[in-house]
Amino acid sequence: MAENVIYTPQDTDFVPAAKERKELTSSETVTGSKNDMRKRFFAQKSAVAGLVILALLTLLAVIGPYLSSHDYDDQQLDRTNLPPRVPWLASMGILDGSEKINKTSGAVTVNRYEELGITDEYYIFGTDNLGRDMFARAFMGLRVSLIIALAATVINLLIGMNYGIISGYFGGMTDIIMQRIIDIIGSIPTLVVVTLLMLVLQPGMGSIIIALMLSGWIEMSRISRAEVLKVKELEYVQAARTLGASHRHIIFREIMPNITGKLVTQIMLSIPSAVFLEAFLSFVGLGMPAGSCSLGTMLTDGFSNVLLHIYKLIPTATLMVLLMVGCHLVAKGLKKASE
Amino acid sequence: MGRYLRRRIIISISILFVILLILFLLMQFMPGSPFNDAKLSEEQVASLKESYGLDKPVIVQFFRYIGKMLKGDLGVSYSIAPNTPITSLLVNRFPVTLRIGFLSLIFGTLAGLTLGLIAAFFRSRIIKVIFNILTLLGIAVPSYMFAMFFSWTLGYKCNIFPMLYDFRSPMFSSAMPILALSLSVMAVIGQFTRSEAEDVIKSDYVLLAKTTGMKSSTIIIKYILRNSLIPVITVMASLLVSLLTGSLVIEKMFAVPGIGGLLTTAISSNDYSVVIALSFVYSALYIVVMLILDILYCVVDPRVRLGGKPS
């Protein structure tokens, strides 16, 4: 026969846990997705290399023109077409300002610096056909091209992102109409839009930016719409909606922070394409007006002299290639990091 | 498939109309007039305007313009070759541009497919690095930079290819323009092919095909190549745009007598009617090729035909 044991609670049954705080180990801490992304981005060597290239180029665009003792649009007609001469290397016989010139009687090596009696001045990249210092001009051109590209990209971002978010977020009829408009505008070749616009507007920095803006925002809006469509059905957005959050709150607080990764990648891709289009316009004869300088006008000038003075093309071409490669490396790194 | 095609064609035609409207409106806003000659008196300008129909109301002009454009009459040139129909200016130039464009597209695609497949199959470190550098340069560096580089090295220094287009040997002298244009095509297609082929190689159906003892050449052609081609067709559209833009500069650099060269001349000599007509030709070409690519896409990927959206 079993005895009925009546259980009486005792003080020792429930002992409060010791009041110690457990520190989370690094594997347990919850880091934000941004932090994660940064780590993954910097883990890629090529992406870091691209970032370094871009940083250097930006620095040179800011301070480059002042590094030279000559002004970028200072014409010295007695010192035209001087080949490059570099202070330290000249004594070693490389880049000492001598140039091989093909004449009907055969190739002759000439040193224009010695002929003109210039002893203490150095033109690191040489001078152009108006005697302007190419070193200052190259970096001034880089600065102008970067300003155009950045301005166009920022405007593209503002228009494209808003358009894409509205179209993707509200959906339905709004989306259909907005997408048909995009279909139509998007099927006119950029080349045609830009060319025609430059004919109507006065040549100059402002019109180039407008022309680039008209063609560039479409891609930005496509990407932000696609991202919004992906994000808006996720749990946290639905949770916010259930809690009665306003559209504004959902768009700016819940959706925006989560589509920035893709948008930044697109920004990195639209900078080189803006630089490309600017140079393209210069080639066609619709670029920056004569007298100003940008990478495009410098390249066009350089190419028209390519057979006589190859040194005029090399610095600008190198800057252009570095800028393009840097942007693409960073974009690739961002894309990989956000996946 | 029929319904899909019909919708697609209707969209294309409406886009073409919108483009015509935009071009016409732009023509109204163009600065200056084609009759910029200071020697012309007021009466002469008025009679010139009348003979070209420029004195009629804008709406009438617009409908006459559309009617003419659809009949294939692109108007007459004002200043490059006065009173010459633009169509006759195009007849000789169009084939040259088309030939260079298509040859660079085909050459670039073949080279890109080969490179992409090689990179997907042989995954050694050296091949990976070389492939990455090649594709990065091809994608990042614009075609006119390549053109400059080739024209100085291959053309001037090594003297292998002629630096300018030559009527007597059109194929040989367009080698450098084609090379410069095809590098970006090669890079983009190569990258897409590699990433697609890598996915396909890992997929279950290729594994199954391998276990059934199928010949590896059959697997590559029937399974890997065909399935890798689907995304390649989608990038073709954006490649075509960059080819169009690139060809404009490259035709100028190598003095190729194509429509790109004509457009640059027309721009610099303010011949708006030619610029507008060429813009229409470029847009129409672009829309037609997009339509063809969409149909191709339909053929390669059955999911599109069934109305579902391709992922």
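Residues numbered from 1 in each chain as written. Chains lettered and ligands numbered in written order. Predicted model: local features only at pLDDT ≥ 70, side-chain atom pairs only at ≥ 80, totals over all residues. Heavy atoms only, no water.

1. Description of the environment of P177(B)
Residue and element names in this part refer to chain B. Keep this limit in mind: The secondary structure listing takes helices from DSSP runs of H or I that are at least 4 residues long and strands from runs of E that are at least 2 residues long, numbered from the N terminus. Only protein chains enter the accessibility calculation, which uses a 1.4 Å probe. A residue is then buried if its area is under 20% of the maximum for its type, exposed if over 50%, and partly exposed in between. Throughout, a residue-residue contact means that at least one pair of heavy atoms, one from each residue, lies within 4.5 Å.
Locating P177 in the fold gives a position in helix α8 (residues 175–202). We classify P177 as buried; its relative accessible area is 0%. Residues P177 and S143, 34 residues apart in the sequence, show an inter-C-alpha distance of 9.2 Å. Leave out the neighbours within four places in its chain, and P177 touches I100, I250, F254 and V256.

2. Topic: the packing of aromatic side chains
Filter applied, for reference: Two rings from Phe, Tyr or Trp (for Trp, the six-membered ring) form a pair when their centres are within 6.5 Å of each other. A pair whose planes differ by under 30 degrees is stacked, one over 60 is edge-to-face, and the rest are tilted.
Using the criterion set out here, one finds eight aromatic pairs over all chains in the structure. Look at F41(A) and F42(A): their rings are 5.3 Å apart centre to centre, the planes differ by 85°, and that puts the pair in the edge-to-face class. On the basis of relative accessible area, F42(A) is assigned to the partly exposed category, the value being 46%. Centre to centre, the rings of F135(A) and F139(A) are 5.0 Å apart; their planes meet at 80°, and the pair counts as edge-to-face. You can see F135(A) and its partner F139(A) sitting in helix α5 (residues 134–170), four residues apart, about one turn around the helix. The exposure class of F139(A) is buried, given its relative accessible area of 5%. Clustering of aromatic rings is evident, with ring pairs tying together F276(A), F283(A) and Y144(B).

3. Quick look at the side chain of N156(A)
All names here are of chain A. Heads up, the condition is: Counted as a polar contact is a pair of N or O atoms within 3.5 Å, where, for protein atoms, one must be capable of donating a hydrogen and the other of accepting one, and residues adjacent in sequence contribute only when both atoms are in side chains.
Of note, N156 is situated in helix α5. From its side chain, N156 meets the backbone nitrogen of W217 in a polar contact 3.4 Å long. Apart from residues no more than four positions distant in its own chain, N156 is found in contact with M161, L212, M213, G216, W217 and M220.

4. Some words on the domain arrangement of chain A
Definition in use: Either an automatic procedure or a domain database provided the assignment from which the domain bounds are taken.
Domain boundaries assigned for chain A yield domain 1 (53–70 + 130–338) and domain 2 (83–116). Its C-alpha centre places domain 1 of chain A at a distance of 40 Å from the equivalent point of domain 2 of chain A.

5. Remarks on a nonpolar patch on the surface
Residues and elements named next belong to chain A. Keep this limit in mind: Within the patch definition used here, like charges are joined within 9 Å and nonpolar side chains (Val, Leu, Ile, Met, Phe, Trp, Tyr) within 5 Å, considering only residues with over 30% relative accessible area and no salt bridge. Exposure was quantified through the Shrake-Rupley algorithm and a 1.4 Å probe, taking into account, for residues, occlusion by the shown protein chains and nothing else. Salt bridges are defined as contacts in which a side-chain nitrogen from Lys or Arg sits within 4 Å of a carboxyl oxygen from Asp or Glu.
Side chains of V52, L56, L59, V62, I63, Y66 and L67 sit close together on the surface and give an oily, nonpolar patch of about 690 Å² of accessible area. Considering the arrangement of structural elements, one finds Y66 in helix α2 (residues 45–67). Look at Y66 and you get exposed, because its relative accessible area is 61%.

6. Let's talk about the nonpolar core
Within soluble globular proteins, side chains that are nonpolar tend to cluster in buried spots. Put simply, the rule reads: Buried Ala, Val, Leu, Ile, Met, Phe, Trp, Tyr and Cys residues that are joined via side-chain atoms within 4.5 Å together make up what is termed a nonpolar core.
Among the nonpolar cores identified, the biggest contains 136 residues, and L142(A), F280(A), L299(A), M320(A), L323(A), Y144(B) and M253(B) are the most heavily contacted of them. If sequence neighbours within four positions are ignored, M253(B) has contacts with F283(A), F303(A), Y144(B), A147(B), M148(B) and L164(B). Membership of the second largest hydrophobic core comes to 16 residues, among which are V228(A), V231(A), I251(A) and M256(A).

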